[in-house]
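In case you want the letters, here they are:
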Amino acid sequence: METVTIPAELEAYWKQLDCGFPRVAEVFPDCMREALASLSKQGVEDYIENARFLGKMGRGAEPILIFLEEWPAVARTPGEDALPDIMEFIRKMWKSPNGKAITPFLQSLPVTIRRLHTRERLRDYLAIALDLMERTTSSIHGIHQTFPSPGLPEMFRQVPVLLGQLSLTGLKNWVDYGVRYYSGHPERQIDYFGLQSADSRAVLQRERHGTLLADNERKLDMYLRGLWNEEDHLIPYSSAFDELRQPVPYYDKLGIRLPDVYDDFIPSTPVSTTTVRPEPVEGLCGSTGSPRTDERVLGIDRYRAVLAHVAAHRRWTTAIYADNMSPFQRMAAEFFEDSRVEYLAMREYPGLRHIFMALHPAPAEDACDVEHESGVRHRLAMLSRAILDPGHPYRSPHIIEFVQRFHALLDNSESGTQAMADLAVAFIAKTRLKSDNFANTHFKDTVVDYRDDNRQMWKFIEEGDEEEAFDEPRKIEPGEELKGLPPRHYHEWDYLNQSYRPDWVSVYESLHPSGNASDIDKLLAKHAGLAKRLKKMLDLLKPQDKVRIRYQEEGSELDLDVALRSLIDYRSGATPDPRINMSHKTSGRNIAVMLLLDLSESLNEKAAGSEQTVLELSQEAVSLLGWAIEKLGDPFAIAGFHSNTRHDVRYLHIKGYSEQWGDEVKGRLAAMDASYSTRMGAAMRHAAHYLEKQQADKKLMLILTDGEPADIDSKDGRILIEDARQAVKELDRQGIYTYCINLDPKADEYVADIFGKQYTVIDNIQRLPERLPQLFISLTK
C-alpha cells in the first residue's frame, strides 16, 4: 500500500494523533487545515486529543474518520465548549456494552447539532439518549451490564426524522413510551426505535409539533364550505417517514389529501413592495398585511392556501389529454394551469395574493448553471412567480413575453385549461436549451409546496376506448360520493404494560342499509301476547303527575293513617312514630338509552333447540325493546358493530336519538346482517361519544352480545377483554351505566371480568325476545 506523506507543517499534529489507520492518513491533511482555519488554538488541541482517543478505543477507523471530517464544521453551531459533553457521552457508551452505537451516534451528530443549535439543547438531547441507553442495556444476573441496548443505535439512525418532527419534550415522551413498553422485547424495541412499528409512528404523530390537521379539521372544513362552497373529506397523510419521495397534496374521489402537520413558515423572500395590494380578507390568510421576511406564515394559513388552490382547480380546471405531450410540455402546462387558477382565485378573493406570494419561492434569475444543469424547472418557477408578482425582478425577455401573453388571455375572461397547455407548448419550444436534457436538474427554489400534484388535470386515451368517447367532456370533479365518514381513532388499553396504545383503533361509522319495514311489523304481531303483558308493566313505569312520599317528620300535609296509629301508641304508653306527615313529588323519567348490538359472524349460527339463528332472535328482541322504549318516551338509539382487525371496526347506525320509531328505523333493523369479529371496547367508546351528549339524569348503555371480545389480529385472548373492562371504567367516569346481556352459555368465565355485576347471561336464547324488554324495564324502574 502506498504510504501517505503528511505535509511538514502538520507532522507535529500527526505525531500527536498517533494513528495507524491508512484511511485516516489520507484525509488528515485536509481535515487539519479546516480545523486550523475554523477552531481556536485550544479547540485544535482538544480536537487532536479527542480524535486520538477515538482512534485507540478499539472500534476501528470509522469513529475517528467521522470526527475528524465533521467536527470542525459543526463546532461553529453549539460552540467548541460542547465537545466535552459529547465526549463524555461517547466514553459512557464505550465503557458499556454499547460500543457499536458510537459510530451511528457520530454519524448523526451533524444533523443533531444543526437541529438543536445550542449547547444547552444538545445536553438535553444527550440526557435523553443516556436515559435510553441505561434503561435498555440489560444484564444476565442484574449486576453487570451484558447486552447492549437494541434501540439506541436505531434511534441515532432515525435522528433526522425525529428531530425534524419532534421537540425535545416530544422526543423524551417518545423514548419513554418505547422503553416502558418494549424494554423486555429486544426485537420489538428495534422496530419501535427504528420507526418501523405502528406504535412508534402513532406516538411520533401524537408528539409532533406544528399545526395539526386533526386539531383544525372543523375550522378548515368551514373555510372550504364558506368561501368555496365545497364539501369534501380532509384526509391526512404523513411526510415524516418518506425522506426520498416527499408526498404532496392531492385530491381524488375519497377526498382532499393534506399533510397531517404544517409548521409555521418564514418567507425567504420579501413580498415586492412595488405592487399595490388591497387589504386581505380578515380570516382568509390569518394576517392583516403583507408578510415580511421576518413574519411567520402560520400553519393554519398554509392549509388555507392548499385548500384555496385545490378548490380553484375543482372550479376552473377541466381534464385534457396528455398522450401527445412530452414530459417537459406537461410540466409547463401544470405550471401555467396552477398560475391560472390562482389568478382567478385572487380575482375573487384579493387577500389570497399575500399568502400565495409569501409561500411561493422566488428563484434567483442567475441561480441555474445552464452549462451543466437542466433549467426547465427553474424557468417555469420564475415564470410562475412573475405571473403572481407584478413587481418581479426578472429581466428575461421570454419570461416577460409569456407573462404578458398569460395576462392577455385572462383579461376579462377565465380562459381555459387547453389554452394554458397551448401556451406551455409554445414556452417550451421558444426557451429550449441543449442542457434541458441533462440528468442534473436545478431544483433550488422551484418547489411550490402548497400546490397539488395535478393528477386530476390529465386524462389518457386508453386502448379499447370507443372513438366517440374521446370528445366526451370530463370535469376533474372526483367520482362518486363517499358514503361513509372518515374514521375516528380510539386508544386501546394494553394490560401487559398498563398503558394506552394511542390512536390504535380505526372506527368507521355509516348508516345501516335498509330493508323491508313490514318484516318488523310481522315480528311484533308474532309476539302480540308478550307485547300486551309488557304494556301493563310499561304503564306502571310511565311518568305520573304526583306521587305521595309518606312517613315524613315534616311535610306538606298530615298523613291521617299514620297519625291515628301514633295517637293509639301514645295512649297505650308506647313510643309514637313521629313521622306523621307526608309530601308529594312529581314522578318523571329522565333517562337516555343506547342499545349496542354485537353483529359478529357467530350470530349466524342457529340457537340451541331452535330453527332460528341467534341473529333472528336478536332481531325479534330488539324490535320488542324498541317498541317498548318508544312507548315509554325515553330517548334511545340503536347501533350495531363488528370488526375486521383494529384498522377496520364498523359502527352501523340503526336508530338515532332524533329519529322516531318508524318505517325507516324498522327497515334498517330488518336488514341486520352479521359478519367478522367483536372488538367491543372501541365500539363502546364510540357509542359513548353519542350517549354522553344526551341531556339526561341517567344514561344507560345496553350491550347485547353472544361471545367474548375477540379479533383476528389479537393473539392474546385477554387483551381485548381487558380493553373492554377499561372501557367500562371510562364510561363509568363519564356517568354512563353499562349493562351486558350475554347469550354465551360460557360467559361466566369472562363477562364478570368486564362488567363486574352489571350483566345477565341468557342461557335459553329462545326466551331472548321476552327477557330483553323485561331486563330493560327492571333496570329503569
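Each chain has its residues counted from 1, running along the sequence as written. Given that this is a predicted model, residues contribute local features only at a pLDDT of at least 70 and side-chain atom pairs are listed and counted only at 80 or more, while totals for whole chains, interfaces and linings are drawn from all residues. The side-chain figures draw on all heavy atoms in the structure; neither hydrogens nor water molecules are used.

Novice: Talk me through the pairing of strand β19 (residues 736-742); I want residue IDs and the actual numbers.
Specialist: Within a regular beta strand, the side chains point alternately toward one face of the sheet and then the other, so they alternate between its two faces. Summarising burial for β19: 6 of the 7 residues are buried, a large majority. Strand pairing requires that DSSP identify at least two bridges connecting the strands. By the criteria applied, helices consist of DSSP H or I runs no shorter than four residues and strands consist of E runs no shorter than two, each listed in order from the N terminus. Where strand β18 (residues 698-705) and β19 come together, 7 bridges link them in parallel fashion. Across the sheet, Leu 700 pairs through a bridge with Tyr 737, a residue of β19. Handedness of a crossover is defined as follows: with both strands directed away from the viewer, a clockwise route from the first strand across the helix to the second makes it right-handed. Once you follow β18 into helix α26 (residues 717-733) and on to β19, the crossover reads as right-handed. Pairing of β19 with strand β20 (residues 759-761), which is carried by 3 bridges, proceeds in the parallel orientation. Note that in β20 the partner of Asn 742 across the bridge is Val 761. For each residue, the accessible area found with a 1.4 Å probe, counting protein chains only, is set against the maximum for its type, and the residue is called buried under 20%, exposed over 50%, and partly exposed in between.

Novice: So what's going on with the confidence of the model for the protein chain? Residues and values would help.
Specialist: In predicted models, pLDDT denotes the confidence assigned by the predictor to each residue on a 0 to 100 scale. The share of residues in the protein chain with pLDDT of 70 or more is 89%, and the mean pLDDT across the chain is 84. For this analysis, residues touch if any pair of their heavy atoms sits within 4.5 Å. Scored below 50 in pLDDT, residues 270-294 shows 56 contacts in the model against residues more than four places distant or in partner chains. Here residues 463-482 scores under 50 on pLDDT; set against residues more than four positions off or in separate chains, the count is 34 contacts.

Novice: Got a sec to walk through a negative patch on the surface? Specific residues and values, please.
Specialist: For patch detection, residues must exceed 30% relative accessible area and be free of salt bridges, and they are connected within 9 Å for like charges or within 5 Å for nonpolar side chains (Val, Leu, Ile, Met, Phe, Trp, Tyr). For accessible areas, the Shrake-Rupley method is used with a probe of radius 1.4 Å. Any residue's cover is judged against the shown protein chains and nothing else. One side-chain nitrogen of Lys or Arg within 4 Å of one carboxyl oxygen of Asp or Glu is enough to make a salt bridge. His is not counted, nor are the chain ends, whereas Lys and Arg count as positive and Asp and Glu as negative. Note on charges: their place is set at NZ of Lys, CZ of Arg, CG of Asp or CD of Glu. A contiguous patch of negative charge, built from Glu 708, Asp 748, Glu 749 and Asp 763, is present on the exposed surface. Summarising the element assignment, Glu 749 is placed in the loop between β19 and α27 (751-755).

Novice: Explain the sheet that holds β18 to me, and be specific about the residues and the numbers.
Specialist: Strand order in the open sheet formed by 8 strands is β10-β11-β17-β16-β15-β18-β19-β20, and the pairing between neighbours is mixed. Edge positions in the sheet fall to β10 (488-494) and β20, since each has one partner strand and no second. Neighbour-to-neighbour, the strand axes of the sheet open up by a mean angle of 25°, direction not taken into account. Pairing of strand β11 (residues 499-511) with strand β17 (residues 649-655) involves 5 bridges; the strand directions are parallel. Axes here mean lines fitted to C-alpha atoms, for a helix over just the part in contact, with angles spanning 0 to 180 degrees between N-to-C directions.

Novice: Before we move on, could you go through the packing of helix α15 (residues 327-348) against helix α19 (residues 417-431) and cite the residues and values that matter?
Specialist: Contact geometry for α15 and α19: axes closest at 8 Å, N-to-C directions at 130°. Comparing their axes, α19 and α15 come out oblique. Along this stretch, α15 crosses α19, giving a crossing that reads as right-handed. Along its contact with α15, which presents Phe 328, Gln 329, Ala 332, Ala 333, Phe 336, Glu 337 and Arg 340, the element α19 presents Thr 417, Met 420, Ala 421, Leu 423, Ala 424, Val 425, Phe 427 and Ile 428. Working rule for angles: under 35 degrees goes down as roughly parallel, over 145 as roughly antiparallel, 65 to 115 as roughly perpendicular, anything else as oblique. For a crossing to be left-handed, the near helix must be turned anticlockwise from the far one by less than a right angle; the clockwise case is right-handed.

Novice: Tell me about the environment of Asp 389, residues and numbers included.
Specialist: Mapping Asp 389 onto the fold places it in the loop between α17 (376-388) and α18 (397-410). Judged by relative accessible area, Asp 389 falls into the buried class, the value being 3%. Taking the C-alpha atoms as reference points, Asp 389 and His 354, separated by 35 residues in sequence, lie 10.0 Å from one another.

Novice: So what's going on with the nonpolar core? Residues and values would help.
Specialist: Joining through side-chain atoms within 4.5 Å is the link that ties buried Ala, Val, Leu, Ile, Met, Phe, Trp, Tyr and Cys residues into a set, and such a set is a nonpolar core. Counting residues in each nonpolar core, the largest one holds 71 residues, and the members touching the most others are Phe 105, Tyr 125 and Trp 174. Residues within four places of Phe 105 in sequence aside, it is in contact with Ile 86, Phe 89, Ile 90, Met 93, Tyr 125, Leu 126 and Phe 156. Ranked by size, the runner-up nonpolar core spans 63 residues in total, among them Ala 305, Met 325, Phe 336 and Met 420.

Novice: Go over the pattern of salt bridges with me, naming the residues and quoting the values.
Specialist: Charged atoms that come close allow side chains of opposite charge to pair. In total, this model carries 45 salt bridges according to the counting rule given. For Arg 315, the salt bridge identified is with Glu 348, shortest N-O distance 3.0 Å. Taken together, the positions of Arg 315 in helix α14 (residues 299-316) and Glu 348 in helix α15 put the pair 33 residues apart, joining distant regions of the chain. Among the residues examined, Arg 315 registers a relative accessible area of 30% and is labelled partly exposed. With relative accessibility at 37%, the residue Glu 348 sits in the partly exposed group. Of the charged contacts in the structure, one is a salt bridge between Arg 725 and Glu 722, with a shortest N-O distance of 3.6 Å. In this pair, Arg 725 and Glu 722 are both assigned in helix α26, 3 residues apart and thus about one turn of the helix distant.

Novice: Before we move on, could you go through the sheet that holds strand β5 (residues 250-252) and cite the residues and values that matter?
Specialist: Spatial ordering of the open sheet is given by β4-β6-β5, a layout of 3 strands whose pairing is mixed. Two strands bound the open sheet, and with one partner strand each, they are β4 (234-237) and β5. When strand polarity is set aside, the average angle formed by the axes of neighbouring strands in this sheet is 30°. Note that β4 and strand β6 (residues 255-259) share 4 bridges and pair parallel. Among the inter-strand pairings, Ile 235 is bridged to a residue of β6, identified as Arg 257. Packing against the sheet, helix α13 (residues 213-228) makes contact with β4 and β6, and its axis sits at approximately 145° to β4.

Novice: Could you give an account of the packing of aromatic side chains, with specific residues and numbers?
Specialist: Stacked, tilted and edge-to-face are the three classes assigned to paired rings of Phe, Tyr and Trp, where Trp is represented by its six-membered ring and a pair needs centres within 6.5 Å; plane angles under 30 degrees give stacked, over 60 edge-to-face, the rest tilted. Taken as a whole and judged by the stated rule, the model has 24 aromatic pairs. Ring plane angle 25° and centroid distance 5.1 Å describe the contact between Trp 174 and Tyr 192, whose orientation is recorded as stacked. Of this pair, Trp 174 sits in helix α10 (residues 168-182) while Tyr 192 sits in helix α11 (residues 186-193), placing them 18 residues apart in sequence. Across this residue pair, the class does not change: Trp 174 and Tyr 192 are buried. Where Tyr 182 meets Tyr 192, the ring centres are 5.5 Å apart and the plane angle is 45°; that geometry is what we call tilted. Pair noted here: Tyr 182 is in helix α10 and Tyr 192 is in helix α11, with a separation of 10 residues, a long-range link. Taken as a pair, Tyr 182 and Tyr 192 share a single burial class, namely buried. Taken together, Trp 174, Tyr 177, Tyr 181, Tyr 182, Tyr 192 and Phe 193 form an aromatic cluster joined through their ring pairs. Arg 646 extends its terminal NZ or CZ atom over the ring of Trp 504, reaching a point 3.6 Å from the ring centre. For a Lys NZ or an Arg CZ to count as sitting over a ring, it must be within 6 Å of the ring centre and within 35 degrees of the ring normal. The aromatic ring of Phe 636 is capped on one face by Lys 655, whose charged end is 4.1 Å from the ring centroid.

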